Amino acid sequence: EEIINKWHALFEQHKNIEFKTITFEVKCSSGTYVRSLVHNLGKLLNCGAVTLDINRTKVGTYKLDDALDLKV
């Protein structure tokens, strides 16, 4: 939540800049650093890039859809 609030503040501070966002899906091994992948894509495109949200939907045979909601 803290990170999201910081992003909102940054976007508010730079209202005159149009930020482009994309959504994509990556199938990768557990050793892949998705934030580094996004950073490298930004470098290749010469525009910079950061991740705003990462949602892991599967690890090995475990899927997010099969997860139980544990209320503590």
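Residues numbered from 1 in each chain as written. Predicted model: local features only at pLDDT ≥ 70, side-chain atom pairs only at ≥ 80, totals over all residues. Heavy atoms only, no water.

Chemist: Looking at this structure, I do not really get the overall build of the protein chain. What am I missing?
Modeler: Of the regular secondary structure elements, the protein chain holds 2 helices and 2 strands. From first element to last, N terminus to C terminus, the protein chain shows the α and β order α-α-β-β. Taken as a whole, the protein chain presents about 7,500 Å² of accessible surface, with 54% of it coming from carbon and sulfur. The positive charge centre, built from 10 side chains, and the negative charge centre, built from 9, are 7 Å apart in the protein chain. (Helix = DSSP H or I, 4+ residues; strand = E, 2+ residues; numbered from the N terminus. Areas by Shrake-Rupley, 256 points an atom, 1.4 Å probe, with all protein chains shown as cover. Lys, Arg positive; Asp, Glu negative; His and termini not counted. Charge placed at Lys NZ, Arg CZ, Asp CG, Glu CD.)

Chemist: So what exactly am I meant to see when it comes to the pattern of salt bridges here?
Modeler: Oppositely charged side chains can pair when the atoms bearing their charge come close. For the coordinates displayed, the defined rule picks out 4 salt bridges. In this structure, Asp69 and Lys71 form a salt bridge, with 3.2 Å as the shortest nitrogen-oxygen distance. Each member of the pair Asp69 and Lys71 is classed as exposed. (Salt bridge = Lys/Arg side-chain N within 4 Å of Asp/Glu carboxyl O. Buried < 20%, exposed > 50% of the residue type's maximum accessible area, 1.4 Å probe, protein only.)

Chemist: Honestly, unusual backbone geometry in this entry has me stumped. Any pointers?
Modeler: Outside of glycine, negative phi angles account for most residues, and trans bonds account for most peptide bonds. The backbone phi angle of Asn46 is positive, close to 60°, even though this residue is not glycine. With respect to the helices and strands, the residue Asn46 is situated in the loop between α2 (34-44) and β1 (58-59). With relative accessibility at 72%, the residue Asn46 sits in the exposed group.

Chemist: For this particular structure, what's the right way to read the environment of Lys15?
Modeler: With respect to the helices and strands, the residue Lys15 is situated in the loop between α1 (2-13) and α2. The exposed category is assigned to Lys15, whose relative accessible area is 61%. Within the local environment of Lys15, its side chain forms a polar contact with the side chain of Glu12, the two groups lying 2.8 Å apart. (Polar contact = N/O pair within 3.5 Å; in protein donor to acceptor, adjacent residues only side chain to side chain.)

Chemist: Would you explain a nonpolar patch on the surface in this entry?
Modeler: Together, Ile22, Phe24, Val26, Leu37, Leu41, Leu44 and Leu45 give the surface a local cluster of nonpolar side chains, amounting to about 700 Å² of exposed area. Along the chain, Leu44 turns up in helix α2. (Patch = residues over 30% accessible without salt bridge, like charges linked within 9 Å, V, L, I, M, F, W, Y side chains within 5 Å.)

Chemist: I keep staring at the side chain of Thr51 and nothing clicks. Help me out?
Modeler: With respect to the element layout, Thr51 can be found in the loop between α2 and β1. Each residue touching Thr51, except ones within four places of it in the same chain, is listed here: Trp7, Val34, Arg35 and Val38. (Contact = heavy atoms within 4.5 Å.)

Chemist: It is not clear to me how the environment of Thr57 should be interpreted in this structure. Could you clarify?
Modeler: As for its position among the elements, Thr57 is in the loop between α2 and β1. Between the C-alpha atom of Thr57 and that of Asp69, which follows or precedes it by 12 residues, the distance is 14 Å. Setting aside chain neighbours within four positions, we find Thr57 in contact with Tyr62, Lys63 and Leu64.

Chemist: Just to check I follow, could you spell out the environment of Asn40 for this structure?
Modeler: Mapped onto the secondary structure, Asn40 falls in helix α2. Each C-alpha atom, one on Asn40 and one on Val50, is 9.6 Å from the other, the two residues being 10 residues apart in sequence.

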